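# Structural overview for review
Single-letter residue listing:
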Amino acid sequence: MTIVLNPVWSNGVQKLKVVSQTPVKPARGLLPPAHDEQIHAVRCMQQLRSKDKPIEKYIYLSQLKDADHAMFYRLCLANMSEITPLIYTPTVGDACLQYSHIFRKPEGLFISIKDKGNIGKILRNWPRINEARISVVTDGSRILGLGDLGVNGMPIAIGKLSLYVAGAGIRPESTVPICLDLGTDNQKYLDDPLYLGLRQRRIPLSDTIEFMEEFMHEMSTVFPKLLIQFEDFATDKAFAYLDSFRDRYPLFNDDIQGTGAVVLSGFLNAAKLSSAASGRPLTDHRILFLGAGSAGVGVAMQLMSFFKLQGLSTEQARDRIYLVDSQGLIYDGRGPMAEHKKYFSRKDYNGPPMTDLTDIVNYVQPTALLGLSTTKGAFNQPVVEAMAALNPRPIIFPLSNPVRLSECQFHEAVEWTQGRVLFASGSPFPEQEYMGRVLYPGQGNNMYIFPGLGLGAILARAASVTDSMVEASSLGLANALTPEERAQDLLYPRIERIREISAQIALSVIRAAQKAGVDRSIDLRSMSDSELLAFVQSRMWNP
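This write-up is about the structure you can find in this document.

Rules and cut-offs
Residues numbered from 1 in each chain as written. Predicted model: local features only at pLDDT ≥ 70, side-chain atom pairs only at ≥ 80, totals over all residues. Heavy atoms only, no water. Helix = DSSP H or I, 4+ residues; strand = E, 2+ residues; numbered from the N terminus. Phe/Tyr/Trp six-rings, centres within 6.5 Å; stacked < 30°, edge-to-face > 60°. Lys NZ or Arg CZ within 6 Å of the ring centre and 35° of its normal. Buried < 20%, exposed > 50% of the residue type's maximum accessible area, 1.4 Å probe, protein only. Pairing = 2+ DSSP bridges. Disulfide = S-S within 2.5 Å. Contact = heavy atoms within 4.5 Å. Axes fitted to C-alpha atoms, helices over the stretch in contact; angles between N-to-C directions.

## Details of the environment of Ala 317
- Among the structural elements, Ala 317 can be located in helix α14 (residues 314-319).
- C-alpha of Ala 317 to C-alpha of Lys 341: the two residues are 24 residues apart in sequence and 16 Å apart in space.

Structure follows, in C-alpha cells:
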C-alpha cells in the first residue's frame, strides 16, 4: 500500500493526514467467499451489455462508478471504444435532456445566482478541497447542439471528468464537476415539475459578469491548485469569459480551444493525404466552415496554425478560411454581425448574399469542408459531390454532436465520393466496406486532447493555459499515429491507446508551458524528455 501525507488545517494549525492511495479490501465476511475481481469485471460487462438502450447503459455505469469507481474505470480502460460513447457523446446528450427525470444521487457542486455574495462558502462545502486539481464548469446554456438545458447540463461536466480519469489517469478524488444555475430560457424545463434547477429565466449579462467575477476569484482562493475547464457556455459568454479570465487564472475553454486543437490534429494528417493525391502544396488548402458559433470560430482560429506552420503569414492564413452561418457566406458587405464573426468576414466578396451551400462550395472551391452547425444533413449529396468534383480526396469533417445533428453520415460521404473521402466526425460512426476495402472514419473527439492537456497543465502547475500549450497538444496528437495506423489512412490514433497518447501530449504541453514561462513546477525543467515522460506516467492513476 502506498501512503501519502496530505497537509490539512485544523483550528489554525497545519497537520499531516495519512491518506491511503489504494482502496482497502473489505474484511473477510463482507464479500462472498468466491468473489474474484477479474470475474466480477466480466459480470459487470455482462450486466452492461444486457441493457437495451444507451441511456439505460449510462444509468448503470453511473451507479457502478458511485458504488465501485475502481471497477468503473478498469472497465473504461479495458473497453474504451465501447464505453466512451456511453459516458460521453453521443449518449451524454440524452442524459442531459433527461437529467431531472433519471436523477438518482447528487454528484458535483451546484452554485446558483441565489448564492451570489456567498459563493466562497458554498465552494468550501466540497468535501475534498485539498485533493482538487481539475474542475469542469458549465452553465448549461449551450449543451452540445441541444440548446439551453439549464441545470440539466451537469452530466456534461461529470462525463468530461470521467474521461480525464480514464484518459489521463487524473485521480477521481481530484475532480470537481460544477454546474452554475443562472436560470434557463427553455420553457419546457420551466414548466417541468421535475426540473431540478431554478424556475426563472436567465439573468441579464451584467449580472452574469458580476457573478462570474466572484466565482472565479473564490475558486482560485478555495482551490489554489485547480485547473478550470469551461464547457458549453453560450457563444457570446464563451468568448467573453475566456478573454476575461484566461490571463488571470489557469483555465481553458474546451469548445473553443479543445475542439480547435483536435480538429487541427486531424486536419494536419488529412491535408497531407489530400495534397499527396492532388499534387498541390499544403499552402494551397482552403477551408470552408459551416457554423460560426464558439466552436466554429474557435476551430477556425486554431486552423490558422496549420497555415502558419507552412510558413504563411497571419493574414495569408486568415485569407484561406471561409465561414458560413445561417444567413450564408460571411462577408463585410452583408451588414451588421456578431463581434466574434468579424475576424473571418470576407473582404474580397461584394456580391449578393450567397446562401446555398453548393453554390458557396463552387465559389470558394475549398479542399476541406467542416461542419459545426448542428444542422442535420446540411452536407447533402449535391454538396458532397461538389467537393468530390473539386478534389481527388476531399476533406469532409461533419463535427456536430450528437449523431442526430451531424451534417452527414460516414456511409453517405463514402458513397457520394466513391470512397475517396477523408472523413472525421464529432460522434462515432461504424467503419464501412467499399469496393473490397474497409474504410475507417476518424472521430475528432476532444477526448484525444483535453485529458493530456489538463494533465500537462496540472503537473507543470501552469499559471495560465497559453495558445502555445494548446497547439502543442494538437501537434502531439497529430504525431501519435503508429505506422500501422498511417498505412490505414487513419486521421486519429485508435482510442484504446488514449493513456499512451495523453502521456505524450502532457509532455508536449509541459515543455510549451516552460517555454512560455508560465510553469511553476520548475524542477521539471531540468528533466530530459525521457525522464519527463517517465515522471508523467508515474503520476497517472491506475484503478
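From this point, things continue past the structure.
## Observations regarding the packing of aromatic side chains
- If you walk through the whole model with that rule in mind, you get 19 aromatic pairs.
- Taking 5.4 Å as the distance between ring centres and 10° as the angle between the ring planes, the aromatic pair formed by Tyr 448 and Tyr 492 counts as stacked. With Tyr 448 in the loop between β16 (442-443) and α18 (450-460) and Tyr 492 in the loop between α20 (483-487) and α21 (498-516), the pair connects residues that are 44 residues apart, well separated along the chain.
- Clustering of aromatic rings is evident, with ring pairs tying together Phe 230, Phe 233, Tyr 241, Phe 245 and Tyr 249.
- In this arrangement the basic side chain of Arg 318 is found over the ring face of Tyr 343, its NZ or CZ atom lying 4.2 Å from the centre.
- One residue, Arg 494, lies across the ring of Tyr 440, its end atom 5.2 Å from the ring centre.

## A look at the pairing of strand β9 (residues 321-325)
- With 5 of 5 residues buried, β9 lies mostly within the body of the structure.
- Residues Ile 321, Leu 323 and Asp 325 point to one face of β9 and Tyr 322 and Val 324 to the other, with burial holding for every one of them.
- As paired strands, strand β8 (residues 287-290) and β9 are joined by 4 bridges and run parallel to one another. Bridge pairing in β9 places Ile 287 opposite Ile 321.

## A few points about the state of the cysteines
- What the rule picks out here adds up to 0 disulfides.
- In this structure Cys 76 is not part of a disulfide, and its nearest cysteine sulfur, from Cys 44, lies 11 Å away.
- For Cys 76, a relative accessible area of 2% puts it in the buried group.
- Just so you know, Cys 96 is unpaired, no disulfide at all, and the nearest cysteine sulfur is the one on Cys 179, 9.1 Å from it.

## Considering the side chain of Thr 358
- On the secondary structure map, Thr 358 appears in helix α15 (residues 357-364).
- Among all residues touching Thr 358, those that are not within four sequence positions of it are Pro 382, Val 383 and Ala 386.

## Overview of the sheet that holds strand β13 (residues 422-425)
- Ordered in space as β10-β9-β8-β11-β12-β13-β16, the 7 strands form an open sheet in which the pairing is mixed. Edge positions in the sheet fall to β10 (328-329) and β16, since each of these pairs with one other strand and no more.
- Of the pairings in the sheet, the one linking β8 to strand β11 (residues 368-371) comprises 4 bridges and is parallel in character. The residue of β11 that forms the bridge with Leu 290 is Gly 371.
- Helix α12 (residues 254-278) contacts β8, β11, β12 (395-398) and β13 of the sheet and is inclined by roughly 155° relative to β12.

## Considerations on the sheet that holds strand β7 (residues 251-253)
- Judged by pairing direction, the sheet is parallel, and its 5 strands sit side by side in the order β3-β5-β4-β6-β7 without closing on themselves. At either margin of the open sheet sits one strand with a lone partner, and together these are β3 (109-112) and β7. Sheet twist, expressed as the mean angle between neighbouring strand axes with direction ignored, is 20°.
- The sheet contact formed by β3 and strand β5 (residues 175-181) spans 4 bridges and is parallel. Following the sheet pairing, Leu 109 is matched in β5 by Ile 178.
- Along the sheet, helix α8 (residues 154-168) makes contact with β3, β4 (134-138), β5, β6 (227-230) and β7, crossing β5 at roughly 165°.
- In this fold helix α10 (residues 205-222) packs onto β3, β4, β5, β6 and β7, with an angle of close to 160° to the strand it touches most, β5.

## Let's talk about unusual backbone geometry
- Omega for the peptide link from Thr 89 to Pro 90 comes to 10°, which places this bond in the cis form.
- Mapping Pro 90 onto the fold places it in the loop between α4 (80-87) and α5 (91-97).
- Of note, Thr 374 is a non-glycine position whose phi angle comes to about 55°, a positive value.
- Position of Thr 374 relative to the elements: it lies in the loop between β11 and α16 (381-390).

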